[in-house]
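Spelled out, the chains give:
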Amino acid sequence: MTELAGLINSLPSLRDTVEARGLMAKKALGQNFLLDRNITDKIIRTSLEHQNKSSFAGEYVFEVGPGPGGLTRSVLASAPEKLTVVEMDERCIDIMREIQSLVGEQHLQIINGDALKQDFAAFDGSPKNIVSNLPYNISVPLLIGWLKNIKAFDSLTLMFQKEVADRITAPINTKDYGRISILSQLLCKVERLFDINPNCFVPAPKIWSTVVLFRPSERTIAPDVIAKIEKLAAMAFGQRRKMIRQSLKSVPDLETKCGQLGLDLTLRAEQITPQQYLQLAELL
Ligand code: SAM
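Starting from 1, residues in each chain are numbered consecutively following that chain's sequence as written. Selection of residues for local features in this predicted model requires a pLDDT of at least 70, selection of side-chain atom pairs for listing and counting requires 80 or more, and totals for whole chains, interfaces and linings are taken over all residues. Side-chain descriptors were evaluated using all non-hydrogen atoms of the structure, hydrogens and water having been removed beforehand.

### Focus: the nonpolar core
- Among buried residues, those of type Ala, Val, Leu, Ile, Met, Phe, Trp, Tyr and Cys that are joined through side-chain atoms within 4.5 Å constitute a nonpolar core. Partly exposed describes any residue whose relative accessible area lies between the buried limit of under 20% and the exposed limit of over 50%, with all areas from a 1.4 Å probe on protein chains only and scaled to the type maximum. Core analysis: the biggest nonpolar cluster contains 56 residues, and F120, W146, F214, I229 and Y277 have the highest contact counts within it.
- Only DSSP runs of H or I reaching four residues or more are called helices, and only runs of E reaching two or more are called strands; each is numbered from the N terminus. The element best represented in this core is helix α9 (residues 223–238), accounting for seven residues.
- Domains are outlined according to an automatic or database domain assignment. Counting contributing residues per domain, this core is built from domain 1 (3–216) and domain 2 (223–283), each supplying no fewer than three.
- Those residues in contact with I229 that lie beyond four places of it in its chain are I182, L183, L186, I221, Y277, L278 and A281.
- Counting residues in each nonpolar core, the second largest holds 33 residues, with F56, L76, L83 and M159 among its members. In what follows, residue pairs with any heavy atoms lying within 4.5 Å of each other are defined as contacts.

What follows is the structure, given as C-alpha cells:
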C-alpha cells in the first residue's frame, strides 16, 4: 500500500463524516452521494484496468464535484502525482480541506468554483485525467467542453445517468443516436464500464447510472471541422424524420458532395455514421 493510500485509510468512515456534519444533499447542485468505498474503488480500479494502468502514479487527476469525498478517497488511494478537485458547495470544500491537511497541498489542490467556468485543458500537469460522478444537470455541457479539447487528456472516467450513457454510446439506426453519440465516438474510444443501482446513492435517484471511459482517438480533428460536424448534426437531427435532401438543403452543393461520398440523399439523420458526418464536414 502506498503512503497516500495509508493516510486515506486512516480517515473516519465516509458515513461518519457525513453524519457528523449533518450533510444533506442539495437537489439544485445535482447531489447524489456515493458513500460506499467498494463502489468508488471499483470505478477507479475498472477504469485503470481498461487503460492498462495499475495506478495513477505520476499522473494528474481532476475531479468535478467531490461532494463528501468518496470518489476522492479512491482516486487519492491510487496515488496520483496530484488531484485537483473543483466543487461549488462550501460544506464539501470544508471536508476537502480536512483531507488536504492530511495528505498535503502537493497531493490535493482545492478549487471552490464552477466547473463549467474552468479550462481543465489549460491546468498544469501531464498526463491529465478527469474522474467524476457528474452533477446530472450539467453533465452534457461539461462533456462537450472536454471532448472539444480531448487531446489534452489521457482519459475521462465519468458517471452519467444511464439514459445519457445510452445516447453517448448509441449505434446508428437507433432512437438514442444523435449529436452527442457522433462527437463522442469520433473524438474518443468510448467504453461503458458498468451500471450502478440507484440504491447505492444517498439520496437514491429514480434511475440507474453508468460509468463511461473516454480515451482520445488517434486522429486529430481540427476545431473548425468539429464545429461543422455539430452544425450538420444539429440540422439533420433537428428534422430527424426527414431525408437529408430536405434537412441539409442549406448545405451548398449538397448533391455533389453527397455524390462524392456515396451518401444517398434519401438517408435520414440517424442512418449516417459518425465517420460520414466527419467526411461531409471536411468537404464544407
Ligand atoms: N463525487 C461525489 C460522490 O460521488 O459522492 C458527489 C457527486 S454529486 C452527483 C455532484 C457534485 O458536484 C456535488 O458535490 C455538487 O455540489 C457538485 N457540483 C454541482 N454543480 C457543480 C459545478 N457547476 N461545479 C462544480 N461542482 C459542482
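### Looking at the layout of surface pockets
- Cavities and pockets were defined on a 1 Å grid built over protein atoms only: a cavity is a set of grid points that admits a 1.4 Å probe from which the probe cannot escape, a pocket is an open set flanked by protein on both sides within 12 Å along at least five of seven lines, and lining residues are those with an atom within 4 Å of any such point. Grid points are joined across faces, edges and corners, and a volume is the space filled by probe spheres set on the points. By volume, the largest pocket is sized at about 800 Å³.
- Forming the walls of the largest pocket are 43 residues, and the residues nearest its centre are L29, G30, Q31, N32 and P135.
- Going through the elements one at a time, β1 (33–34), β2 (60–64), α4 (70–77), β3 (82–87) and β6 (155–161) are the ones with two or more residues in the lining of the largest pocket.
- In this classification, the charged set is Asp, Glu, Lys and Arg, the nonpolar set is Ala, Val, Leu, Ile, Met, Phe, Trp, Tyr, Cys and Pro, and all remaining amino acids, among them Gly, are polar. Among the residues making up the lining of the largest pocket, the classes are represented as 25 nonpolar, 12 polar and six charged.
- As a volume, the second largest pocket reaches approximately 150 Å³.
- Every residue along the wall of the second largest pocket is listed here: D41, I44, R45, L48, E49, K53, S54, S55, S74, A77, S78 and A79.
- Going through the elements one at a time, α3 (37–50) and α4 are the ones with two or more residues in the lining of the second largest pocket.
- The dominant element in the lining of the second largest pocket, judged by the number of residues it contributes, is α3, at five residues.
- In terms of residue class, the lining of the second largest pocket is made up of four nonpolar, four polar and four charged.

### Considering the sheet that holds strand β9 (residues 209–216)
- Only when DSSP finds a minimum of two bridges between them are two strands counted as paired. Overall, mixed pairing links the seven strands, which are arranged β4-β3-β2-β5-β6-β9-β7 in an open sheet. Strands with a single pairing partner mark the edges of an open sheet, and in this sheet they are β4 (108–112) and β7 (188–196). Each adjacent strand pair in this sheet contributes to an overall mean axis angle of 20°, direction not counted.
- Relative to β9, β7 runs antiparallel, the two sharing eight bridges. Looking across to β9, one finds that K189 is bridged to R215.
- Contacting β6, β7 and β9, helix α7 (residues 162–169) runs over the sheet at an angle of about 130° to β6. Helix axes use the C-alpha atoms of the stretch in contact, all axes being lines fitted to C-alpha atoms, and the angles between their N-to-C directions lie in the range 0 to 180 degrees.

### Examining the domain arrangement of the chain
- Segmentation of the chain into domains returns domain 1 (3–216) and domain 2 (223–283).
- Here the C-alpha centroids of domain 1 and domain 2 sit 34 Å apart.
- Each partner contributes to the interface: domain 1 provides 15 residues, whereas domain 2 provides 15 residues.
- Buried area is calculated as the accessible area (1.4 Å probe) missing from two parts once they are joined, with the contributions of both summed. Around 1,200 Å² of area is buried between domain 1 and domain 2 when both sides are counted, 69% of it from carbon and sulfur atoms.
- By definition here, a salt bridge exists when the distance from a side-chain nitrogen of Lys or Arg to a carboxyl oxygen of Asp or Glu is within 4 Å. Inspection of the domain 1/domain 2 interface yields two salt bridges.
- When the shortest N-O distance is used, the salt bridge between E230 and K148 registers 2.9 Å.
- Nitrogen and oxygen atoms within 3.5 Å of one another constitute a polar contact, given that in protein one can donate a hydrogen and the other can accept it, and given that sequence-neighbouring residues count only through two side-chain atoms. The interface formed by domain 1 and domain 2 contains seven residue pairs in polar contact (both at pLDDT 80 or more).

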